[in-house]
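If you want the building blocks of each chain, they are given just below.
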Amino acid sequence: VGHCHPDIVKAAHEQNQLLNTNSRYLHDNLVDYAERLSKTLPEKLCIFYFLNSGSEANDLALRLARQYTRHEDVIVLDHAYHGHLTSLIDISPYKFRNLEGQKEWVHVAPVPDTYRGLYREDHEDSVTAYADEVKNIIEHAHKRGRKIAAFFVESLPSVGGQIIPPAGYFQQVAQHVHKAGGVFIADEIQVGFGRVGKHFWAFQLQGEDFIPDIVTMGKPIGNGHPLACVATTKEIAEAFAATGVEYFNTFGGNPVSCAIGLAVLDVIEKEHLQAHATEVGNFLMKLLKEQQIKHPIIGDVRGCGLFIGVDLIKDQAE
């Protein structure tokens, strides 16, 4: 919502003058904020865990998935990046390829990129072809006696090249993953909170019939203040709580963080920032497409709202 937005500064300042405790102590801001966030999400995503960073959120999502499914393995997309903790470097091909390599419990699926990926615009059914790659990974894993805990994906792969997955891809993948006893985790850390314009969450671009099992949030949620969240279903949260090992995060969901989170949601609404993202994004896309006509180095211009990718190439044919 912009640097030093006065509404955010005011909310932080006012709450700081009253009380800021660790989150073992109950405070209305926490409940008010969870309620407000829940209104932006599908009804079944009704349990919230508050944390300090996107990496913490993704690490918890991984734990939730494993506890709920009692499985270990994770499927990710090639070039993905999900955070800087050890557990997340392990599921980030963008990182682990330069470090210790791929763990046996990690499976890498091709990015559903219809411009330069395995199956392109001219393919008769790229959605099914890409989803079948995930299905094949699951089948091979099962043959090796491994079981899938989660398909972990950014709703719009960012580090992988600002990719817009074809509509229907998530539905088909979720079907294969659920059949294998796994859950679908949508990482909205970079692309959530109205950035895509027409929807509040990027996973909603796939259609109303698609609902992830776990959604993670970070970055824009606190407008520069360390704040993050994991939203999930009652079933998954109950399986996690059943261990008797409660989840506790000292500063996650403290009164100041929640006051800031509420103020961010207010500003997005009050200043019509979703519509703004659509308008400015469309304007930018139009100008970029004009450049594309002039310059053969620009192979593809793609995007939604203010999530835009310009693919620079050496050869149009290849």
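Below, the structure is looked at part by part. Owing to the predicted nature of the structure, the values given are computational and were not obtained by experimental measurement. Residue numbering note: each chain is counted from 1, following its sequence as written. Side-chain atom pairs in this predicted model are given and counted only at pLDDT of 80 or more, local residue features only at pLDDT of at least 70, and totals for whole chains, interfaces and linings cover all residues. Processing note: side-chain calculations cover all non-hydrogen atoms of the structure and skip hydrogens and water entirely.

### Comments concerning a nonpolar patch on the surface
To count toward a patch, a residue needs a relative accessible area above 30% and no salt bridge. Like charges then connect within 9 Å, nonpolar side chains (Val, Leu, Ile, Met, Phe, Trp, Tyr) within 5 Å. Per-residue and other accessible areas were derived by the Shrake-Rupley procedure at a 1.4 Å probe size, with only the shown protein chains allowed to occlude residues. Just to be clear on terms, a salt bridge is a Lys or Arg side-chain nitrogen sitting within 4 Å of an Asp or Glu carboxyl oxygen. Side chains of Val280, Leu284 and Leu306 sit close together on the surface and give an oily, nonpolar patch of about 200 Å² of accessible area. Mapped onto the elements of the fold, leucine 306 is located in the loop between strand E8 (298-304) and strand E9 (307-312). The classification of residues rests on relative accessible area computed with a 1.4 Å probe and restricted to protein chains. Under 20% of the type maximum is buried, over 50% is exposed, and intermediate values are partly exposed. The class for leucine 306 is partly exposed, based on a relative accessible area of 35%. Each helix is a run of DSSP H or I of at least 4 residues and each strand a run of E of at least 2, with the numbering of both proceeding from the N terminus.

### A look at the pairing of strand E7 (residues 228-232)
Along E7, five of the five residues are buried, which leaves the element largely enclosed by surrounding structure. Of the two faces of E7, the one lined by Ala228, Val230 and Thr232 and the one lined by Cys229 and Ala231 are each fully buried. Bridge count for strand E1 (residues 47-51) against E7 is five bridges, and the pairing is antiparallel. Looking at E7, one finds that leucine 51 is bridged to alanine 228. Strands are labelled as partners when DSSP assigns at least two bridges between them.

### Some remarks on the nonpolar core
Counting residues in each nonpolar core, the largest one holds 55 residues, and the members touching the most others are Leu37, Phe151, Tyr169 and Met217. When residues in this core are grouped by element, the largest group, nine residues, is from helix H9 (residues 255-270). Membership of the second largest hydrophobic core comes to 26 residues, among which are Ala57, Val108, Ala228 and Phe240. Only buried residues count toward a nonpolar core. Its members are Ala, Val, Leu, Ile, Met, Phe, Trp, Tyr and Cys residues joined through side-chain atoms within 4.5 Å.

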